[in-house]
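Below are the chains, spelled out letter by letter.
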Amino acid sequence: MKKYINGEWLSEEEAFDRHKGLIRLVCGRLQGYARRNDIEWGDLWQEASLAFVQAYRKYDPTRGVMFSTYAVRAITFYLLRYIERSYRKKVASVSLDVPADEKERHSILDVIGREGDYTGIDVREFVETLTPDEKEVLRLTAAGIIQTEIGRRIGANQVKVSRILKQVRRKYMAYKEAEHEPIA
């Protein structure tokens, strides 16, 4: 079945061939996020291609939105979810008893402590000093959500989220230097 896209009737294959540049554009924009999550270009391209096909199939030309606009947004959203799932799998596979890699000497449990540890109390006290936006950004970051998605959820852009995280770090350093012991 062909769809009317940019003034012509195109099949799924024809649309894919003519719009590879859109896929390349979105992959290029998200390549940094993907690399940080150990996703190779080929895997990113494959997922973006699947997203393109989904976008083609769901596209409704009667809604008045250009196909390229619709496809870029659909591919971007799909890839961000893919990268987030990949990150969550990576985080879920971390062992508390084993060092993260050969360079690490201590496991997570060695760092945060095992028994008689009051870290949780210090953390709660510190978090109570934060503004509601800072708390939400910190919570979402700890959940493994990327800054762009956090920004979308709180109604800000990625730069604003980055600034909030820097402010939290500054507050933490001041909190540590005050009368408190280090948190971890």
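Structure shown above.
These numbers come from a predicted model, not from an experiment. (Residues numbered from 1 in each chain as written. Predicted model: local features only at pLDDT ≥ 70, side-chain atom pairs only at ≥ 80, totals over all residues. Heavy atoms only, no water.)

**Notes on the overall build of the chain**
What counts here: Think of it this way: any DSSP run of H or I at least four residues long counts as a helix, any run of E at least two long counts as a strand, and we number them from the N terminus. Type-normalised accessible area, obtained with a 1.4 Å probe on protein chains alone, sets the label of each residue: buried when under 20%, exposed when over 50%, and partly exposed for intermediate values. Contacts are assigned to residue pairs with any non-hydrogen atoms lying within 4.5 Å of each other.
The secondary structure content of the chain amounts to nine helices and two strands. In sequence order, the secondary structure elements of the chain are arranged as β-β-α-α-α-α-α-α-α-α-α. Relative to its 184 residues, the chain shows a buried fraction of 32%. Counting contacts in the chain only where the partners sit at least 6 residues apart, residues at least 24 apart contribute 56% of the total.

**Let's talk about the packing of helix H2 (residues 20-36) against helix H3 (residues 41-58)**
Going by this rule: Convention adopted: a line fitted to C-alpha atoms gives each axis, helices being fitted over their contacting stretch, and angles between N-to-C directions are expressed from 0 to 180 degrees. In this scheme, roughly parallel covers angles under 35 degrees and roughly antiparallel covers those over 145, while 65 to 115 is roughly perpendicular and the rest are oblique. Should the near helix be turned anticlockwise from the far one by less than a right angle, the crossing is left-handed, and should it be turned clockwise, the crossing is right-handed.
As a packed pair, H2 and H3 sit with axes 9 Å apart at the nearest point and diverge in direction by 135°. Relative to H3, the element H2 is oriented oblique. Relative to H3, the crossing made by H2 is right-handed. In this structure, H2 contributes Lys20, Ile23, Arg24, Cys27, Gly28, Leu30, Gln31 and Ala34 to the contact, and H3 contributes Trp41, Leu44, Trp45, Ala48, Ser49 and Phe52.

**Here we look at the packing of helix H7 (residues 132-142) against helix H9 (residues 158-177)**
Cut-off, in case you're wondering: Asp, Glu, Lys and Arg are counted as charged, while Ala, Val, Leu, Ile, Met, Phe, Trp, Tyr, Cys and Pro are counted as nonpolar; the rest, among them Gly, fall into the polar class.
Contact geometry for H7 and H9: axes closest at 10 Å, N-to-C directions at 100°. On the basis of their axis angle, the class for H7 and H9 is roughly perpendicular. Of the residues in H9, those touching H7 at Asp133, Glu134, Val137, Leu138 and Thr141 are Val161, Ile164, Leu165, Gln167, Val168 and Lys171. Taken together, the residues of the contact of H7 with H9 break down into six nonpolar, two polar and three charged.

**Notes on H3**
Counted only if it meets this: Helices are assigned an expected span. That span is 1.5 Å times one less than the residue count.
Between its first and last C-alpha, H3 extends 25 Å over 18 residues, near the 26 Å set by a 1.5 Å rise per residue. Here H3 has its buried residues at Leu44, Glu47, Ala48, Ser49, Ala51, Phe52, Ala55 and Tyr56.

**Concerning the pattern of salt bridges**
Filter applied, for reference: Any Lys or Arg side-chain nitrogen found within 4 Å of a carboxyl oxygen on Asp or Glu counts as a salt bridge.
Summed over all chains, the structure comprises nine salt bridges. Salt-bridge contacts for Glu8 lead to Arg18; the nearest nitrogen and oxygen are separated by 2.6 Å. Linking Glu8 in strand E2 (residues 8-10) with Arg18 in helix H1 (residues 12-18), this pair joins segments that are ten residues apart in sequence. Between Arg63 and Asp60 there is a salt bridge, and its shortest N-O distance comes to 4.0 Å.

**Looking at unusual backbone geometry**
For Asp38, which is not glycine, the phi dihedral falls at a positive 60°. With respect to the helices and strands, Asp38 occurs in the loop between H2 and H3.

None of the figures reported here should be taken as evidence of function without further support.
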